[in-house]
Amino acid sequence: MHEFSISSEIVKTVLDTAEKNNGEKVLSVQLEIGELTHLNGEQVAFWVKELFKDSVAEGAEVKIKAIKARIHCRACGYKGGIRSDREDSFQHLALQTCPKCNSFQFMIEKGRECFLRRIQVVG
Amino acid sequence: MRIVKSRGSEIFDIELEKDLLAKNRSLAKENRERLDRANILAIDIMGSIGSGKTSLIKAILKRIGMSNSVAVIAGDLTTTIDAERIEAEGARVIQVNTGKECHLDANLIHKALNRMELDGVKLLFIENVGNLICPGEFPLGAHKRLVITSVTEGPHTLMKHPYIFKEADVIVLNKIDLAKAMKVNPSQLERDAKKINPHVPFVKTNALSGMGISKIINALRLKT
């Protein structure tokens, strides 16, 4: 739900970086979004492309990779991924439980990140 | 014939490895350190639109009667309605308008702390923007997080938004007086809460009448 503000931050960072490196054109941007964030990759890509318009990054490819979640269950000690056997793609956000013991008592070790990994520029 | 080609532009990769959510986490840590140095207990109040966040803060202020050592940061999109309601209780209030944003973030709290007169403040309430999704992703540096929901939001709020409740230190079910009219079973919501976050207090309140407020004061270990 805060795709716009995150996208603005991404765009600002990309344009600043391109400028610092004397980049004439940005060709692509690679993002990684944790599956436990409330960020929708499709919406982020839409806003980033929209905000790139009329800049050196206009038309750049926006690649988004998902970061799989990793949890540590406090109830049974399980460490690993979350269940992904349900069909709806947002299942990880609602009612996720430990895949081993079904407890809600787990710590999230990975999956809440939103990385701007690298950009490709022509200089 | 020799063709002399000018050297074309180069394509190169720039590695950034920048976690855009990490900045918020590090600012939240700074806020926490600053509050600790000033000996201020900060409580982040989160909940849906109209769940009773402001009414709850008002009710707590009325009960603890230490308004000159309490400050409130009131988050809202554009208005000062909530800040004015709280100011009426005598606490120091600073309004943070987020404009379009659906949540407060650590940077806004950092700015608010800079602008506030914190001398003599022992307790700080941070009223988040009404929303059960985004605020959970943006820690502010508060010591405790209270999440409030109300029976008028229906019977499924906790199961639909487990993450925000999972990280709460106190869960409040407000407008309990309306449960029957809303055909909502508070015991079911309590069972949901215990499933998601079994070890934290679940308090039923009617913030307007003051019912349950002393339990919240105890749960948050506020001095009275």
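This text goes with the structure placed above it.
A quick note: this is a predicted structure, and the numbers were derived from the prediction, not measured. (Residues numbered from 1 in each chain as written. Chains lettered and ligands numbered in written order. Predicted model: local features only at pLDDT ≥ 70, side-chain atom pairs only at ≥ 80, totals over all residues.)

Visitor: What am I meant to see in helix 2 (residues 53-64) of chain B here?
Guide: Given 3.6 residues per helical turn, the α-helix brings residues three or four places apart onto the same face. All names here are of chain B. With 12 residues, helix 2 extends 17 Å from end C-alpha to end C-alpha; this agrees with the ideal 16 Å at 1.5 Å per step. Within helix 2, 9 of the 12 residues are buried, which leaves the element mostly enclosed by the surrounding structure. Listing the buried residues of helix 2 in full gives K53, T54, S55, L56, I57, K58, A59, I60 and L61. Downstream of helix 2 by a residue or two, G65 has a phi angle that is positive, lying close to 50 degrees. (Helix = DSSP H or I, 4+ residues; strand = E, 2+ residues; numbered from the N terminus. Expected span 1.5 Å × (residues − 1). Buried ≥ 20, exposed ≤ 12 C-beta atoms within 10 Å, placed from the backbone.)

Visitor: Looking at this structure, how should I read the packing of helix 1 (residues 3-20) of chain A against helix 2 (residues 41-52) of chain A?
Guide: What describes two packed helices is the angle between their axes and the distance between those same axes. Residues and elements named next belong to chain A. At their nearest, the axes of helix 1 and helix 2 sit 9 Å apart, and the two run at 50 degrees to each other. It follows that helix 1 is oblique to helix 2 by the angle criterion. In this structure, helix 1 crosses over helix 2, and the sense of that crossing is right-handed. From helix 1, E3, F4, I6, S7, S8, I10 and V11 reach across to helix 2, where they touch Q43, V44, W47, V48, L51 and F52. Within the contact of helix 1 with helix 2, the residues separate by chemical class into 9 nonpolar, 3 polar and 1 charged. (Axes fitted to C-alpha atoms, helices over the stretch in contact; angles between N-to-C directions. Parallel < 35°, antiparallel > 145°, perpendicular 65-115°, else oblique. Left-handed = near helix turned anticlockwise from the far one by under 90°. Contact = placed C-beta atoms within 7 Å. Nonpolar A, V, L, I, M, F, W, Y, C, P; charged D, E, K, R; others polar.)

Visitor: Please clarify how the nonpolar core should be interpreted in this entry.
Guide: Side chains of a nonpolar character, in soluble globular proteins, are inclined to be buried together. Counting residues in hydrophobic clusters, the biggest one holds 63 residues, and the most contacted among them are B:I45, B:V72, B:I109, B:I126, B:I171 and B:V172. In terms of nonpolar packing, the next biggest core, distinct from the first, is built from 22 residues, A:I6, A:L39, A:A57 and A:A60 among them. (Core = buried A, V, L, I, M, F, W, Y, C linked by C-beta atoms within 7 Å.)

Visitor: What is the right way to look at the environment of B:A179 in this model?
Guide: All names here are of chain B. Here A179 shows up in helix 7 (residues 179-182). We classify A179 as partly exposed; it has 19 C-beta atoms within 10 Å. For the pair formed by A179 and G154, sequence separation is 25 residues and the distance between their alpha carbons is 9.2 Å. If we ignore the near neighbours within four places in the chain, the residues touching A179 are V151, V184 and P186.

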